[in-house]
Amino acid sequence: MKERLERMRNGKGFIAALDQSGGSTPKALKLYGIDESEYSNDTEMFDLIHKMRTRIIKSPAFSDKKIVGAILFEQTMDRKIDDKYTADFLWEEKGVLPFLKVDKGLEELEDGVQIMKPMPGLDELLKRANERHIFGTKMRSVIKKASQTGIAKVIDQQFEVADKIIAAGLVPIIEPEVDIHNVDKAECETILKNEIKKHLDKLPETSNVMLKVTLPTVENFYEDLTEHPRVVRVVALSGGYPREKANEILAKNKGVIASFSRALTEGLSAQQSDDEFDKDLAKAIKEIYEASVK
């Protein structure tokens, strides 16, 4: 674990988010050029998305030269690439640290936020994650309004679950996404950072977390969190920005690296030849890497 923690703390590169779940998979496939008419049930749909992820991971462009980690969906963790479980393939063949999305989606909007749905099977999932050699986890909440009580609730829940993940020997990525369309986005981020700091300062020295945040309104807004002793890394989601715009904002934020999903796969399609696919993916990876390491 020590070697892997050091790699995540100081490695040059970014995190590839390949964790679309049941709800977001049809959209991801559509963007990849596969229409809903091309599969008739969930099994076929998940087979297609695993094929897409396998193509990305096996591409020569996808390696530890520019990528430090990859976030997987639960089904991806349980599937194989070339007879190796996905997490083992990532670490042993590519030198990339595997993460697992553990949340079960969002509750309805209340008090300006969407907290995470209950996770009754979390202990069992974390046990399986360890068996599959997963390094860390990721869980997402959403903030749509500058509500002090709502945002506090989001962060209380995130850190409460993070404690269980740390106890299981994994590194949690706490992801309180601020919707980029919020009219009071900057105010949301101010409340959010204060709430995060309160919890970070209470963590014991043996606990480590990562933070996944929306690209901030104010440049270098999260710089102080990148230096907090309990924070392994601060990563940013693209949040719906096109890749070029996301990279432009990211490059202005010192110490923050990308954890992009849609912005990483933008422009890739099932119809491309392997050469075209690898070329476009290499370009995307290069651009995101450069914005991350600036």
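Just so it is clear, the model here is predicted, and its values are computed rather than measured.

Reading the values: the criteria
Residues numbered from 1 in each chain as written. Predicted model: local features only at pLDDT ≥ 70, side-chain atom pairs only at ≥ 80, totals over all residues. Heavy atoms only, no water. Buried < 20%, exposed > 50% of the residue type's maximum accessible area, 1.4 Å probe, protein only. Helix = DSSP H or I, 4+ residues; strand = E, 2+ residues; numbered from the N terminus. Right-handed = clockwise from strand over helix to strand, strands pointing away. Pairing = 2+ DSSP bridges. Core = buried A, V, L, I, M, F, W, Y, C linked by side-chain atoms within 4.5 Å. Expected span 1.5 Å × (residues − 1). Arc of directions from axis to C-beta. Contact = heavy atoms within 4.5 Å. Salt bridge = Lys/Arg side-chain N within 4 Å of Asp/Glu carboxyl O. UniProt positions renumbered as here; feature names shortened; annotations may be inferred.

All right, on to the pairing of strand β8 (residues 171–178) then. Across the 8 residues that make up β8, a large majority, 8, are buried. A two-sided burial pattern is seen for β8, the buried positions comprising V171, I173, E175 and E177 on one face and P172, I174, P176 and V178 on the other. For the crossover from strand β7 (residues 136–143) across helix α7 (residues 148–167) to β8, the handedness is right-handed. Pairing between β8 and strand β9 (residues 209–214): 2 bridges, direction parallel. Each bridged residue has a counterpart across the sheet, and for I173 the counterpart in β9 is M210. In the classification by handedness, the crossover that spans β8, the intervening helix α8 (residues 185–202) and the parallel β9 is right-handed.

Okay, the nonpolar core next. Considering soluble globular proteins, one finds that nonpolar side chains tend to be buried as a cluster. F62, L200 and L264 are the most contacted members of the largest nonpolar core, which totals 84 residues. When residues of this core are assigned to their parent elements, the largest contribution, 8 residues, is made by α7.

Another aspect to go through is helix α12 (residues 274–293). Helix length check: α12 (20 residues) gives 28 Å between terminal C-alpha atoms against 28 Å at 1.5 Å per residue, within 8%. Taken together, the buried positions of α12 are F277, L281, A284, I285, I288, Y289, A291 and S292. Axial view of α12: buried residues confined to an arc of 160°, hence all on one face. In α12, the exposed positions that point more than 90 degrees away from the buried face belong to D275 and K279. Tucked inside the fold, the buried residues of α12 contact β1 (14–18), α3 (42–58), β2 (67–72), α10 (243–250), β11 (256–260) and α11 (262–265).

With phi around 50°, D82 is a residue other than glycine that occupies positive phi space. Within the secondary structure layout, D82 lies in the loop between β3 (80–81) and β4 (84–85). Its identity as a non-glycine residue notwithstanding, H133 has a phi of 65°, on the positive side. In this structure, H133 sits in the loop between α6 (122–131) and β7.

Turning next to the pattern of salt bridges. Per the counting criterion, the structure on display carries 25 salt bridges. Residue E287 pairs with K283 through a salt bridge whose shortest N-O separation is 2.8 Å. Residue E287 and its partner K283 are both found in helix α12; the two are separated by 4 residues, about one turn of the helix. You can call E287 partly exposed: its relative accessible area is 29%. Assessed through its relative accessible area of 46%, K283 is described here as partly exposed. It is possible to trace a salt-bridge network through shared partners that takes in E74, D78, K104, R128 and R132.

Let us look at the UniProt feature "active site" (unreviewed entry) in the protein. Taking the UniProt record as the reference, the feature "active site" (unreviewed entry) is found at E175 and K212. Annotated residues spanning 38 residues; largest pairwise C-alpha distance 4.6 Å, indicating a single compact cluster. Relative to the elements of secondary structure, E175 occurs in strand β8. Not counting residues within four places of it along the chain, the set of residues in contact with E175 comprises K138, M139, R140, S141, Q158, K212 and L237.

The subject of this paragraph is the environment of K153. Inspection of the secondary structure assignment puts K153 in helix α7. The residues contacting K153, other than those within four sequence positions of it, are E110 and I115.

Note on placement: T25 falls in helix α2 (residues 25–31). Filtering out sequence-adjacent residues up to four positions away, T25 remains in contact with Q20, M45, F46 and I49.

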